[in-house]
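# What the coordinates show
Letter by letter, the chains look like this.
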Amino acid sequence: RDHVLAPGAMVLGGFARNDAPALLAAIDHIAAAAPFRRMTTPGGRTMSVAMTNCGQAGWISDRSGYRYTPVDPATGRPWPALPVLFSALAAQAAAQAGFAGFQPDACLINRYDPGTRLTLHQDRNERDFDRPIVSVSLGLPALFLWGGPARTDRVRRIPLEHGDVVVWGGPARLTYHGIHTLADGIHPLTGRTRLNLTFRLAR
Ligand code: MD5
Ligand code: FE
């Protein structure tokens, strides 16, 4: 079930499936301390994806731009700690894809409801683009939009399902990507929701 999408990008099919119930319970616990919220883009739009974070650094967006912060601006408290289960899973997935020794300090948690999408973008707020990004999909399936190094490059659609883990590194790290508008559905573990964990070394 593992396959290479392109140099540096690998899908680990179902890698997180067995851990999903524990991951979802941990997300509930995190969201009780750092609630999901829809952030504002620098251009003043409200993102349709709802987000929260755990770890030493959390990704935020507001009128001033995109960045990582140690404190949740919504609560004034540090982001909840990375559960050991999260860091272990991210490290194991990275190692299986050829990136030994990955120790993330940031986990962005994205919540998609039907009709929600993430427009094409690059992830470039991290200090070091040599470290991979590990992404864990939970709940409803989604179509991942995967372009190239330029915004205008042709975009492929890659189905991502509950439990799939993708590791993006090396030459794939700065490709344009997004999530197509989420189709309605009901997942036995999450209901009408897709959740995505994105592990990064931010600082
Ligand atoms: C998601 N999240 O499904 C995706 C998974 C985000 C985001 O894109 O920024 O929160 S992460 C997919 C990703 C990360 C880094 C590089 C590449 C894809 N890539 O090279 O295609 O909510
Ligand atoms: Fe991204």
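Residues numbered from 1 in each chain as written. Chains lettered and ligands numbered in written order. Predicted model: local features only at pLDDT ≥ 70, side-chain atom pairs only at ≥ 80, totals over all residues. Heavy atoms only, no water.

### Some thoughts on the site of ligand 1
Operational definition: If a single non-hydrogen atom of a residue is within 4 Å of a molecule or strand, that residue counts as near it. Two N or O atoms form a polar contact when they lie within 3.5 Å of each other; inside protein one atom must be a possible hydrogen donor and the other a possible acceptor, and for residues adjacent in sequence the pair counts only when both atoms belong to side chains. The Shrake-Rupley method, run with a 1.4 Å probe, gives the accessible areas here. Residue values count only the displayed protein chains as cover.
Contacts to ligand 1 come from 20 residues, most closely from Tyr-112, Trp-146, Ala-172, Thr-175 and Arg-194. The contact in question runs from an oxygen atom of ligand 1 to an N or O atom on the side chain of Asn-110, over 3.0 Å. Note that an oxygen atom of ligand 1 is positioned 2.5 Å from one of the backbone N or O atoms of Ala-172. In isolation ligand 1 offers 500 Å² of accessible surface; the protein chains occlude 98% of this area.

### Points about the coordination of the iron ion (ligand 2)
How we decide: Counted as donors are N, O and S atoms no farther than 2.8 Å from the metal, or 3.2 Å for Na, K and Ca; water is not among the atoms, and sites may therefore look incomplete. The cut-offs for exposure are 20% and 50% of the maximum accessible area for each residue type, with area from a 1.4 Å probe on protein chains only; residues under the lower value are buried, those over the upper are exposed, and the others partly exposed.
Here the iron ion (ligand 2) is held by the protein donor atoms His-121 (NE2), Asp-123 (OD) and His-177 (NE2), which lie 2.0 to 2.2 Å from it. Mapping the donors of the iron ion (ligand 2) onto the primary sequence gives the spacing H-x1-D-x53-H. By relative accessible area, which is 8% here, Asp-123 ends up buried.

### Looking at the pairing of strand β4 (residues 58–62)
Where we set the bar: Secondary structure elements are defined from DSSP: runs of H or I of at least 4 residues count as helices, runs of E of at least 2 residues count as strands, and each element is numbered from the N terminus. When DSSP locates at least two bridges between a pair of strands, those strands are taken to pair.
Across the five residues that make up β4, a large majority, four, are buried. Here β4 pairs with strand β5 (residues 65–69) via five bridges, running antiparallel. Bridged to Ile-60 within β5 is Arg-67. Here β4 folds back onto β5 in antiparallel fashion, the turn holding two residues.

### Quick word on the pattern of salt bridges
Here is the rule we go by: Put simply, a salt bridge is a Lys or Arg side-chain nitrogen that is within 4 Å of an Asp or Glu carboxyl oxygen.
For the coordinates displayed, the defined rule picks out seven salt bridges. For Arg-67, the salt bridge is made with Asp-62, and the minimal N-O distance between the two is 2.7 Å. Under the relative-accessibility criterion, Arg-67 is labelled partly exposed at 31%. Of the charged contacts in the structure, one is a salt bridge between Arg-173 and Glu-126, with a shortest N-O distance of 2.7 Å. Taken together, the residues Arg-173 in the loop between β11 (165–168) and β12 (177–179) and Glu-126 in the loop between β7 (118–121) and β8 (133–139) connect sequence positions 47 residues apart. Looking at Glu-126, the relative accessible area reads 6%, which means it is buried. Three or more residues joined by partner-sharing salt bridges are found here, namely Asp-123, Glu-126, Arg-173 and Arg-200.

### Description of the packing of aromatic side chains
Filter applied, for reference: We call Phe, Tyr and Trp rings a pair once their centres come within 6.5 Å, taking the six-membered ring for Trp, and we label the pair stacked below 30 degrees between planes, edge-to-face above 60, and tilted otherwise. Charge-over-ring contacts are defined here by two conditions on Lys NZ or Arg CZ: a distance within 6 Å of the ring centre and an angle within 35 degrees of the ring normal.
Scanning the entire structure with this criterion turns up four aromatic pairs. Chaining the aromatic ring pairs together yields one cluster made of Phe-144, Trp-146 and Trp-168. The ring of Phe-36 has Arg-111 lying over it, and the distance from NZ or CZ to the ring centre is 5.0 Å.

### Considerations on the side chain of Arg-173
Note the cut-off: Every residue pair with non-hydrogen atoms within 4.5 Å of one another is taken to be in contact.
Overall, the relative accessible area of 3% leaves Arg-173 in the buried class. Only 3.4 Å separates the side chain of Arg-173 from the backbone oxygen of Arg-131, close enough to count as a polar contact. Not counting chain neighbours up to four residues away, the residues in contact with Arg-173 comprise Asp-123, Glu-126, Phe-129, Arg-131, Ile-133 and Trp-168.

### Topic: the nonpolar core
The line we're drawing: Remark: nonpolar core denotes a set of buried residues (Ala, Val, Leu, Ile, Met, Phe, Trp, Tyr, Cys) joined through side-chain atoms within 4.5 Å.
Formed by 32 residues in total, the largest nonpolar core has its most connected members in Ile-27, Phe-86, Ile-109, Val-136, Leu-197 and Phe-199. Those elements that provide at least two residues to this core are β2 (9–12), α1 (20–33), β3 (50–55), α2 (84–96), β6 (106–112), β8, β11 and β13 (194–200). For this core, the element with the most residues is α1, which contributes seven residues. Apart from residues lying up to four places away in sequence, Ile-109 is in contact with Ile-27, Ile-30, Phe-36, Ala-50, Met-51, Thr-52, Cys-54, Leu-195, Asn-196 and Leu-197. Counting 31 residues, the second-largest nonpolar core is a separate cluster that includes Tyr-68, Ile-133, Leu-160 and Ile-179.

### A look at the sheet that holds strand β10 (residues 156–160)
So the rule is basically this: Between N-to-C directions, angles span 0 to 180 degrees; the directions come from axes that are lines fitted to C-alpha atoms, helices contributing only their stretch in contact.
Pairing is antiparallel in the open sheet, where four strands are placed in the order β7-β12-β9-β10. The strands lining the two open edges of the sheet, one partner per strand, are β7 and β10. In this sheet, adjacent strand axes meet at a mean angle of 20° when their direction is disregarded. Examined bridge by bridge, β7 and β12 share two bridges and lie antiparallel to one another. When the sheet's bridge partners are listed, Leu-118 is paired in β12 with Ile-179.

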